[in-house]
Amino acid sequence: YFPKKGNYMNLEIQYSDKELGNLDFSRYTVKFNKPLKLNNKIILNTGGEGALIEGETGAPYYIPRLGGFYNRENSISFWGLETSSQITDKVFSGFGELFYEYKPSRYLILRYNMAFLNPNEVYTRKVIAGGGVGIGVKTPLGPIQLTLATSNKEDIIGYLNIGYNF
């Protein structure tokens, strides 16, 4: 995946009331990013993502999570953390990444991300910083990408992605 232009913005609101079912909660998520073409070979991609859940009874499935190299359902990606490893009722994560296309359809990635979490009885750290480097190639089957990342919560984590996530 090598974004070169455009804007992305997504806002989602989920609401459940006890009169409608078993759950009583509100969940809000926002996601945005903007790639900026610095020259023909370098792209600066910046963005952020946040989630908040409030209410008396909500299924654990809906509680926001943080971690992993790609977004999953109810989980915000964060290079340097295991997938969905941080669980909290409020989280915001921002990132900046540089893509360098050193040959046609071949690229290097350098990424830094930082997250602000609402601490709880399990996770006491309010700020998590992480980042990593990756190398990728675009193929007819989708991107193939190898990434190494770390954070102030984890040692080095490796990730190999083949194709697109569905």
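These numbers come from a predicted model, not from an experiment.

Cut-offs applied
- Residues numbered from 1 in each chain as written.
- Predicted model: local features only at pLDDT ≥ 70, side-chain atom pairs only at ≥ 80, totals over all residues.
- Heavy atoms only, no water.
- Helix = DSSP H or I, 4+ residues; strand = E, 2+ residues; numbered from the N terminus.
- Polar contact = N/O pair within 3.5 Å; in protein donor to acceptor, adjacent residues only side chain to side chain.
- Buried < 20%, exposed > 50% of the residue type's maximum accessible area, 1.4 Å probe, protein only.
- Contact = heavy atoms within 4.5 Å.

Peer 1: Would you explain the side chain of Asn45 in this entry?
Peer 2: Within the secondary structure layout, Asn45 lies in strand β3 (residues 42-57). A distance of 3.0 Å separates the side chain of Asn45 from the side chain of Asn33, its partner in a polar contact.

Peer 1: Can you help me understand the side chain of Thr88 in this one?
Peer 2: Following the sequence through the fold, Thr88 ends up in the loop between β6 (86-87) and β7 (90-103). Taking relative accessible area as the criterion, Thr88 reaches 5% and is therefore assigned buried. Of note is the side chain of Thr88, whose polar atom sits 3.5 Å from the side chain of Asp89. Every residue in contact with Thr88, bar those within four places of it in the chain, is listed here: Ile63, Pro64, Leu117, Asn118 and Asn120.

Peer 1: What should I look at first to understand the environment of Gln145 in this one?
Peer 2: Along the chain, Gln145 turns up in strand β10 (residues 142-151). Overall, the relative accessible area of 5% leaves Gln145 in the buried class. Sequence spacing of Gln145 and Tyr112 is 33 residues, and the spatial spacing of their C-alpha atoms is 17 Å. There is a polar contact of 3.2 Å between the side chain of Gln145 and the side chain of Tyr107.

Peer 1: Looking at this model, I keep getting lost on unusual backbone geometry. Mind explaining?
Peer 2: A negative phi angle characterises most non-glycine residues, just as the trans form characterises most peptide bonds. At Ser84, a position not held by glycine, the phi torsion is positive, near 55 degrees. As for its position among the elements, Ser84 is in the loop between β5 (75-76) and β6. Look at Ser105: it is not a glycine, yet its phi comes out positive at around 65 degrees. Mapping Ser105 onto the fold places it in the loop between β7 and β8 (106-117). Assessed through its relative accessible area of 28%, Ser105 is described here as partly exposed.

So far we have only geometry, and geometry alone does not tell us how the molecule works.
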